[in-house]
Amino acid sequence: MEKHLHCKDFVDTISSYVDGDLSEELCVELDKHLSECDNCRIVVNTLRKTIDIYQHQAENEKAPEDVKDRLFYRLNIEQFRK
Amino acid sequence: MINEESEPLNLKKVQSGDPEELTRMVQQYSDPIYRVALRMLNNQAEAEDVLQETFIKALRSLENFEGRSNLSTWLYRIAVNESLMVIRKRKPEVSIIHDDTGDEDNEGISVSQIVDWCCLPESEFLSNETRSVLNDAIQKLPENLRSVFILRDIEGLSIIETAQALELTETNVKTRLLRARMKLREELSVYFGERMSEY
């Protein structure tokens, strides 16, 4: 990363940036930096993608039915299951 | 990711031990609790044990639940603590790994992988090999970073809810989340960077 100081500042705030958790003023400043710094743009894009693929992997992931059967049996409430 | 479409639970009925309401609670939360345990432990049998222990402990202490946090947050807390206990019980050499970097600073965050792999075909991100790489990468995280990432980014809790579930300050959650995300990004960048060379 060419502009070390500014890039370091960016990395410190990158998590809040991708969450949209920063003030408008700071966002404008970081957007400007991103438009000028290819490396930071790659870091932010791959960070977003990292979070996205973990979320996607977990979507619709359920406990197996036999695991649930044993859970309800252990809790002694299987007869109330609909 | 709690199923938001479910009818809200009647907490009073749950606390009074109404079996139908307890059943609804277990049905509503068994998937997310199992997912958390599986991600914490990467072992299906241990995840099942944690799932069962979480609800057994919850049912035993429901009457003392004061409602200072959401029921879901409280269940997540029990599940994470149960998972950490399982990790402690594993062979002595597999001790709990913490990220010892202070929670108040962002020192030690590494950015060495600068490869734009976002343009890979979607099929790359959905393959079984990728699933395995994702699991391996998350297991490499110290437990105190792993739990934050799982609750915030996989289960979709807010920063405040994650802080309540893990009994941390919001600042600590944000710091750990940054470290966890950046470590995972580095790991995935190594793998997907190699995949890029095949296109």
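These remarks concern the structure in this document. (Residues numbered from 1 in each chain as written. Chains lettered and ligands numbered in written order. Predicted model: local features only at pLDDT ≥ 70, side-chain atom pairs only at ≥ 80, totals over all residues. Heavy atoms only, no water.)

So, the pattern of salt bridges
Should their charged atoms come close, side chains of opposite charge can pair.
So, step 1. Considering all chains together, one arrives at 26 salt bridges over all chains under this definition.
So, step 2. We note a salt bridge from Glu 46 of chain B to Arg 90 of chain B, for which the minimum N-O separation is 2.6 Å. Placement of Glu 46 of chain B in helix α3 (residues 44–61) and of Arg 90 of chain B in the loop between α4 (71–89) and α5 (122–126) is noted, with a sequence separation of 44 residues between them.
So, step 3. The class for Glu 46 of chain B is buried, based on a relative accessible area of 19%.
So, step 4. For Glu 124 of chain B, the salt bridge goes to Arg 195 of chain B, with nearest N and O atoms at 2.9 Å. Taken as a pair, Glu 124 of chain B in helix α5 and Arg 195 of chain B in helix α9 (residues 170–196) lie far apart in primary sequence, 71 residues in all. We note that Glu 124 of chain B, like Arg 195 of chain B, is buried.
So, step 5. Each of the salt bridges in this network shares a partner with another, and the network as a whole consists of Asp 19 of chain A together with Arg 152, Asp 153 and Arg 181 of chain B. (Salt bridge = Lys/Arg side-chain N within 4 Å of Asp/Glu carboxyl O. Helix = DSSP H or I, 4+ residues; strand = E, 2+ residues; numbered from the N terminus. Buried < 20%, exposed > 50% of the residue type's maximum accessible area, 1.4 Å probe, protein only.)

Quick look at the packing of helix α3 (residues 38–58) of chain A against helix α7 (residues 143–154) of chain B
So, step 1. Remark: α3 of chain A packs on α7 of chain B, axes separated minimally by 10 Å, with the N-to-C direction vectors making an angle of 75°. With respect to each other, α3 of chain A and α7 of chain B are oriented roughly perpendicular. Along its contact with α3 of chain A, which presents Ile 51, Tyr 54, Gln 55 and Ala 58 of chain A, the element α7 of chain B presents Phe 149, Asp 153 and Ile 154 of chain B.
So, step 2. Taken together, the residues of the contact of α3 of chain A with α7 of chain B break down into five nonpolar, one polar and one charged. (Axes fitted to C-alpha atoms, helices over the stretch in contact; angles between N-to-C directions. Parallel < 35°, antiparallel > 145°, perpendicular 65-115°, else oblique. Contact = heavy atoms within 4.5 Å. Nonpolar A, V, L, I, M, F, W, Y, C, P; charged D, E, K, R; others polar.)

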